[in-house]
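Observations on the three-dimensional arrangement
Here's the letter readout for the chains.
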Number of protein chains: 6
Amino acid sequence: MSDAIQLIPNNSLITASPEEGRQLAIKMARLIIKATQPDAAVRERLRGVYAEDAGMLIAIGQTVAVEFATIAAANNYWK
Amino acid sequence: MSDAIQLIPNNSLITASPEEGRQLAIKMARLIIKATQPDAAVRERLRGVYAEDAGMLIAIGQTVAVEFATIAAANNYWK
Amino acid sequence: MSDAIQLIPNNSLITASPEEGRQLAIKMARLIIKATQPDAAVRERLRGVYAEDAGMLIAIGQTVAVEFATIAAANNYWK
Amino acid sequence: MSDAIQLIPNNSLITASPEEGRQLAIKMARLIIKATQPDAAVRERLRGVYAEDAGMLIAIGQTVAVEFATIAAANNYWK
Amino acid sequence: MSDAIQLIPNNSLITASPEEGRQLAIKMARLIIKATQPDAAVRERLRGVYAEDAGMLIAIGQTVAVEFATIAAANNYWK
Amino acid sequence: MSDAIQLIPNNSLITASPEEGRQLAIKMARLIIKATQPDAAVRERLRGVYAEDAGMLIAIGQTVAVEFATIAAANNYWK
């Protein structure tokens, strides 16, 4: 993994809305994969694998759910 | 994943009841899969896979449980 | 998944005791599977699979544990 | 799953110590498996599977960790 | 699983530092495996399996992360 | 696993920013794998496995997400 990749856009967990929080969760999950596999060509190839694999899509959903839980708490659930 | 898909219906985690919170959890989990695999035909095909696979159904349950935990906290457990 | 299935019995996370909370966790986990696979005959067949599979039984335990965490927090741990 | 099985010994999450809380977590995890597979002979056979399988032992550890998190919070971490 | 094995060293979640909390998380995760598979020879053999398996090493990391979350909360994050 | 490996850099969960918290989460997840498999040559070989495996990359993302949740709470979400 490379420390050179920015792992959190804008370096903040605060977002204007739940929708933007959800987008951030997706981005944060993606950036961990990018940091672990910095080769864009490999990631593109793997994308062809997981986007057609029901089990992997579900696992991506679990990851995003955990990231979003943290973001939602950071934003006090946008209340 | 496409940022063009709405990831949280009504852009809010607040629901009128636990039942509606649970429905939201299912929808949010689905929308992550939709954002990751935007092709409806592929998703329909994969649905035929996971709906007949005990392990994948259990994994979907885990994902929804995590999403629901966040929604329940956002609604102060509807107390 | 069908929105017609009731996902939370009595539409409440509040239970009289931890034991009832645990029963609710099991029911909520089951109802997500029911909403995802509405065909009772398929679910009965899959039951024959997961009830004999150590790995799947463990995964069911993980799902129930997460559901129960939310229910327990909703009930302030029945204190 | 059978509602007839007692899912939480003593119907309480409160324990005298962390050690007892950990024992309760193990028991609660086991009881979900018992409720899902009530046949003791099948459970005994599956025990021979998971007790020799590194991946399943790790998954059991994950389940117990989640159960324990709830019990620890219920006991205010025994502070 | 045997109730005779001590599941939490010193019967306490409180540690002097995050580093010691992390060590406790590893020990607690190990002790659940020990309680589930009390035969040291089998555990030693399985160690040869998971220590060479990328997927299992990642799963061990997930387990330790969950245990550590509880320990960190118990210690109020050592603040 | 060896107690000799430092499991948390600087023995602190406190970081100056979310970005640094995310880097810490990655490091903490890595260090558990290092403690479980201390042989650098084996780890390097396994890296070649998980960096090319979509499912494992997703699982790494889940682990980091859980570690980050703890770090974010410890830092009161950098608010």
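Heads up: these notes are all about the structure in this document. (Residues numbered from 1 in each chain as written. Chains lettered and ligands numbered in written order. Predicted model: local features only at pLDDT ≥ 70, side-chain atom pairs only at ≥ 80, totals over all residues. Heavy atoms only, no water.)

The helix and strand inventory of chain A stands at three helices and zero strands. Secondary structure of chain A in N-to-C order comes out as α-α-α. Taken along the three principal axes of its C-alpha coordinates, chain A extends 40 × 30 × 15 Å. The buried share of chain A, reckoned over its 79 residues, is 58%. Restricting the contact set of chain A to residue pairs at least 6 apart, pairs at least 24 apart contribute 63%. When the accessible surface of chain A is split by element, carbon and sulfur atoms take 51% of a total near 3000 Å². Each charge class in chain A can be summarised by its mean position, and for the 8 positive and 8 negative side chains these summaries are 3 Å apart. (Helix = DSSP H or I, 4+ residues; strand = E, 2+ residues; numbered from the N terminus. Buried < 20%, exposed > 50% of the residue type's maximum accessible area, 1.4 Å probe, protein only. Contact = heavy atoms within 4.5 Å. Areas by Shrake-Rupley, 256 points an atom, 1.4 Å probe, with all protein chains shown as cover. Lys, Arg positive; Asp, Glu negative; His and termini not counted. Charge placed at Lys NZ, Arg CZ, Asp CG, Glu CD.)

To continue, consider the side chain of A:Asn75. On the secondary structure map, A:Asn75 appears in the segment after helix H3 (54-74). Not counting residues up to four positions away in its chain, the partners in contact with A:Asn75 are A:Leu13, A:Ile14 and A:Thr15.

This brings us to unusual backbone geometry. Positive phi, normally seen in glycine, also occurs at C:Asn10, with a value near 65°. Take C:Asn10: it is sitting in the segment before helix H1 (18-36). For C:Asn10, a relative accessible area of 70% corresponds to the exposed category. Positioned with a positive phi, D:Asn76 is a non-glycine residue whose angle comes to about 50°. Note that D:Asn76 resides in the segment after helix H3 (54-74).

Turning our eyes to something else, we now look at H3(A). All names here are of chain A. Compared with an ideal rise of 1.5 Å per residue, which puts 21 residues at 30 Å, H3 spans 31 Å between its outermost C-alpha atoms and is within 8% of the ideal. Here H3 starts with a cap whose side-chain oxygen sits 3.0 Å from the backbone nitrogen of Gly55, and that cap is Asp53. Looking one or two residues beyond H3, the residue adopting positive phi is Asn76, at roughly 45°. (Expected span 1.5 Å × (residues − 1). Polar contact = N/O pair within 3.5 Å; in protein donor to acceptor, adjacent residues only side chain to side chain.)

Let's shift gears to the packing of aromatic side chains. Residue and element names in this part refer to chain C. Here the structure, examined in full by the defined rule, presents six aromatic pairs over all chains. Each ring, one from Phe68 and one from Trp78, has its centre 5.7 Å from the other, and the planes form 15°; the classification is stacked. Within this pair, whereas Phe68 is found in helix H3 (residues 54-74), its partner Trp78 is found in the segment after H3, the two being separated by 10 residues in sequence. The exposure class assigned to Phe68 is buried, which follows from its relative accessible area of 0%. With a relative accessible area of 19%, Trp78 lands in the buried category. Directly above the ring of Phe68 sits Arg22, whose terminal nitrogen or CZ lies 4.9 Å from the centroid. (Phe/Tyr/Trp six-rings, centres within 6.5 Å; stacked < 30°, edge-to-face > 60°. Lys NZ or Arg CZ within 6 Å of the ring centre and 35° of its normal.)

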